[in-house]
2 protein chains.
Amino acid sequence: MWKPDRQSNKPLYEQIADYLEQRISYGEFPPGSLLPSERKLAEQLGVNRSTIIQAFAELRSFGIIESRTGSGTRVSRTKWGATPKHTPNWKRYAEGGSFLPNPPFMRKIREALTDQPSRIDFASGELAADLAPMDEIASLMSAHHYTSYLGYDNPQGYVPLRETLVSYLKRYRSIQTSESSILITSGSQQSLYLITQCLLSPGDAVAIEDPSYCYSLPMFQSAGLRLFRLPVDQHGIRPDDIRTLYKKHRIKMVFLNPNYQNPTGTVLADERREQLLEVASELALPIVEDDPFSLTAYEGNPPAPLKSLDTVGSVLYIGSFSKVAASGLRIGWMVAPRSIVERLADARQQMDFGLSIIPQQVAAQFLKSSHFEPHLERLRIQLQFKRDLLIDTLRKELHDSVIYDIPHGGLHLWCKLLPDVNDGKLLDEAIRRGVVFVPGSVYGSDSSFVRFTFARAKNDEIEPGISRFAEALRSLTSINS
Amino acid sequence: MWKPDRQSNKPLYEQIADYLEQRISYGEFPPGSLLPSERKLAEQLGVNRSTIIQAFAELRSFGIIESRTGSGTRVSRTKWGATPKHTPNWKRYAEGGSFLPNPPFMRKIREALTDQPSRIDFASGELAADLAPMDEIASLMSAHHYTSYLGYDNPQGYVPLRETLVSYLKRYRSIQTSESSILITSGSQQSLYLITQCLLSPGDAVAIEDPSYCYSLPMFQSAGLRLFRLPVDQHGIRPDDIRTLYKKHRIKMVFLNPNYQNPTGTVLADERREQLLEVASELALPIVEDDPFSLTAYEGNPPAPLKSLDTVGSVLYIGSFSKVAASGLRIGWMVAPRSIVERLADARQQMDFGLSIIPQQVAAQFLKSSHFEPHLERLRIQLQFKRDLLIDTLRKELHDSVIYDIPHGGLHLWCKLLPDVNDGKLLDEAIRRGVVFVPGSVYGSDSSFVRFTFARAKNDEIEPGISRFAEALRSLTSINS
């Protein structure tokens, strides 16, 4: 007779519920018939009675069986009429699949912002509505006739956008490339996703910064990658650490965000960039350079990307429109060897059949337009203003309780809280008070860190937001106001 | 000493090339130094000499080593200067990853159309430029101010589009739903991708139609699913086959395209729909209903979807704009229980952070506009015209050599070729003559079938296209012109 499989990942009670459901559906227990008692089933299947109770509860919740005190458990008559009918166990399907869900903190933040959009948002890594070039984009959209042909796009992305990016990358990032080496993706997120899915295999070791945005991305775990840490100090990661990790774990790829790193705001020091490229070429190790923030450099002149110094061809370069124009366009790009671009474009066809042409047309027009430069200048000034406002308020509200390095680009301030506090509880208290931030542990740090995004909130929200955050912190610790 | 791993999936020569490369990169063999001979290495590593020859060839192709007749194999001096430098083995990265590439036929077709866009396209499953509502969309885009806020979108998709789809689904597909049960995806492709990645686990068995579009999608194999066939006859699949597969393989899900099935054009018969839903509810088995073609029904009044008859909640319903308006908008949707919608929306955030808002706004406006109905009417008339033109030409050119059922909706004609011919060779001959189609084996059929898409070609291309196809067929068989 059937027994549950104790080696299986599936809990015993689920296996038993499935087994009973199947026997019922085959008509072995007709509607209204009595099931064996909990005690008897437990004996037969060699499990605890509590496991059978759980399995019955599961079947009851689907209306498959009914229990009445004193008269045992019967197959439901209403649900199982002449032909037994039932709904797929959708909950169990939703829990299946090899792709992991977002970390609980990220889901909690999203829910907090969806339930009550009036909450002050220091969590979403994007620009406020008044920083994005809405009017410019609207005027471009009404001025141009965009829809010449709305068929499936070229698998690598819209050719005129790629051509525009060739000039853009040369002018703003000192990168020499051609349109055939560019893949347009849905933000940098899709570039990272394609790399983890298509260039790496389960079990491969990769190195990422610590702290890092990558820790917040279950895509790395979903792809079965083993993650190793490269600690970030004031000047970024230490290239020698890569050599050590390579010797120890034979890492296959390194993921870096060298300019205004997310979350720390750090810029990788010049001499380390050189060392890093030497190590990469010595080990034939690919570097993925994620570079979304450079054009936000508040004083202009952002550091050049690694890719511009990469004579050996070690670097996959990723850029995006999300942090400098509008995340809602969903336009990012990757510069990579042709074999890589073709492989990823081919795989992406399977996943979503490519991007819509319209936002790509808008992005190309905007980049080429006379709006782009003035937009960038305004953006830099306003981001710096928001950064200063956040820092002033933190000084006022939390003077001795928080330390940070002042970033010179990007959208975020990374803070260490001096009082010992659980960042999960702190998030709950903050949400209750109408303000949301990202706990440091999302980025792999210990729980005394927080990331504040100052770009997303309106100017007049920053003071009340920090003041509510300070209240939340005070409610959990003994600091004074 | 190190030995290659004979259990590994990696070929021996690659393992050896990697090993040598690593030793060279560590400086164990400095630039210019002599490597051990092929014979000696073969002995040391316990492999055939031919394996070492392959490994050396690989290293030579990257410029890592150099061989000269009579003087053995040396570490390259030019490539490995004072500090040895080298480029990551991108080719090998491109071949890695668990996500499989598109089938060779599909890549060949894409290349044929990219290299020479003047080729007549009976392969791409999309509308011709003159069938898509370009002018309507252009006028909507310039009339509306779309960019109210261009931040990241709601994970389930743009709310006003989902609200519009609630009315659309009720009116055109007799489906009662709410905006919270709808997920907007990048065409139906992304809906299918999310289902295979997030609701099913490697090793799960699923049933698909035979022939089926699904066979052309490596996403099923990439997700590690076991595929079982439901043969399609003139009236679609036979529901009893599902019961048989369930008993034998415990299938977890069924993928169907009941209306104007791709590629056969078949409509699932009414009595089979009822039986199918009975089987599904009996077995608590989810049905994925892909329904992209219904609104093309040439005589109007398309069959109702399974979802509209689904009282038990067995059906995940997928729709799309691609085949009735414009594939380049990349707008599809899924109607599913909330637990499923939320799970898939969460996963999609990881993959691409959601869709651009702009095409979603355009789609919502278009659906609500007075343009939509007249567009559909025009589309139906023109598709029917193209179908008739294709069939007339086939009769003229290939009278006795081809048989087919006449479809009453959709974009495709599915043909059986009577002469015995290899469909791969036939595709090559057709491409040489400037016409492209999809070989039947892409859909899991034997090689005497072809799918012609008549929607994509211009009216005046259909005759010359079929005439070139007939020439290609004649070049390989003994049929008369």
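Residues numbered from 1 in each chain as written. Chains lettered and ligands numbered in written order. Predicted model: local features only at pLDDT ≥ 70, side-chain atom pairs only at ≥ 80, totals over all residues. Heavy atoms only, no water.

**Overview of the overall build of chain A**
- Secondary structure assignment for chain A yields 17 helices and 15 strands.
- Once the C-alpha set of chain A is aligned to its principal axes, its extents read approximately 80 × 60 × 55 Å.
- Nonlocal contacts in chain A, meaning residues at least 24 apart in sequence, comprise 72% of its contacts between residues at least 6 apart.
- Accessible area of chain A: about 18,200 Å², with a carbon and sulfur share of 48%. (Helix = DSSP H or I, 4+ residues; strand = E, 2+ residues; numbered from the N terminus. Contact = heavy atoms within 4.5 Å. Areas by Shrake-Rupley, 256 points an atom, 1.4 Å probe, with all protein chains shown as cover.)

**Some details on the sheet that holds strand β14 (residues 438-439) of chain B**
All names here are of chain B.
- An order of β11-β12-β15-β14 is seen for the 4 strands of this open sheet, with the pairing classed as antiparallel. Each end of this open sheet is capped by a strand with a single partner; those strands are β11 (402-404) and β14.
- In this sheet, strand β15 (residues 449-453) lies alongside β14 in antiparallel orientation, the contact comprising 2 bridges. Bridged to V438 within β15 is R451. (Pairing = 2+ DSSP bridges.)

**Quick word on the environment of L165 of chain A**
Residues and elements named next belong to chain A.
- Mapped onto the secondary structure, L165 falls in helix α7 (residues 159-173).
- Sequence-wise, L165 and N422 are 257 residues apart; in three dimensions their C-alpha atoms are separated by 44 Å.
- If near-sequence neighbours (up to four positions away) are discounted, L165 is found in contact with I182, I184, W333 and L367.

**Structural notes on the interface of chain A and chain B**
- If you look at the interface, chain A gives 101 residues, while chain B gives 101 residues.
- Around 8,400 Å² of area is buried between chain A and chain B when both sides are counted, 57% of it from carbon and sulfur atoms.
- Remark: the boundary between chain A and chain B carries 2 salt bridges.
- Notably, a salt bridge pairs R110 of chain B with D346 of chain A, separated by 3.1 Å at the nearest N-O pair. (Buried area = accessible area lost by both parts, 1.4 Å probe. Salt bridge = Lys/Arg side-chain N within 4 Å of Asp/Glu carboxyl O.)

**Some remarks on the sheet that holds strand β6 (residues 226-231) of chain A**
Residue and element names in this part refer to chain A.
- Ordered by their spatial adjacency, 7 strands build an open sheet running β4-β10-β9-β8-β7-β5-β6, and the pairing between neighbours is mixed. Each of the sheet's edge strands pairs with one partner strand only, and the pair in question is β4 (182-185) and β6. With direction set aside, neighbouring strand axes in the sheet form an average angle of 20 degrees.
- Where α7 meets the sheet, it contacts β4, β9 (315-320) and β10 (332-335), and its direction lies at approximately 105 degrees from that of β4. (Axes fitted to C-alpha atoms, helices over the stretch in contact; angles between N-to-C directions.)

**Focus on helix α14 (residues 357-368) of chain A**
Residue and element names in this part refer to chain A.
- Taking 1.5 Å of rise per residue, 12 residues should cover 16 Å, and α14 covers 17 Å from first to last C-alpha, within 8% of that figure.
- Taken across its 12 residues, α14 has 10 buried, putting it largely inside the fold.
- I357, I358, P359, Q360, Q361, V362, A363, A364, F366 and L367 are the residues of α14 that are buried.
- N-capping of α14 is provided by S356, with a side-chain oxygen placed 3.4 Å from the backbone N of I358. (Expected span 1.5 Å × (residues − 1). Buried < 20%, exposed > 50% of the residue type's maximum accessible area, 1.4 Å probe, protein only. Polar contact = N/O pair within 3.5 Å; in protein donor to acceptor, adjacent residues only side chain to side chain.)

**Remarks on the state of the cysteines**
- Inspection of every chain in the model, using the stated rule, returns 0 disulfides over all chains.
- No disulfide involves C214 of chain A; its sulfur sits 17 Å from the nearest other cysteine sulfur, which is in C198 of chain A. (Disulfide = S-S within 2.5 Å.)

**Digging into the domain arrangement of chain A**
- Looking at chain A, the domain boundaries give domain 1 (12-94), domain 2 (104-129 + 374-476) and domain 3 (146-369).
- Taking only C-alpha atoms into account, the centre of domain 1 of chain A sits 49 Å from that of domain 2 of chain A. (Domains from an automatic or database assignment.)

**A short note on the relation of the copies chain A and chain B**
- Structural alignment of chain A on chain B gives an RMSD of 0.2 Å, achieved by rotating through 180 degrees and translating 0.1 Å along the axis. Expressed as a symmetry operation, the mapping of one chain copy onto the other fits a two-fold axis. Measuring from the rotation axis to each C-alpha of chain A, the shortest distance belongs to S142 of chain A, at 2.0 Å.
- A high fraction, 100%, of the interface residues of chain A reappear at the interface in chain B, so the copies pair face to face through one surface. (Least-squares fit on C-alpha atoms with pLDDT ≥ 70 in both.)

**Things to note about the pairing of strand β12 (residues 412-417) of chain A**
Residues and elements named next belong to chain A.
- β12 sits mainly inside the fold: 5 of its 6 residues count as buried.
- Taken together, the 3 bridges between strand β11 (residues 402-404) and β12 define a ladder with antiparallel strand orientation. Counted as the bridge partner of V402 is L417 from β12.
- With 5 bridges joining them, β12 and strand β15 (residues 449-453) adopt antiparallel strand pairing. The partner of H412 across the bridge, within β15, is T453.

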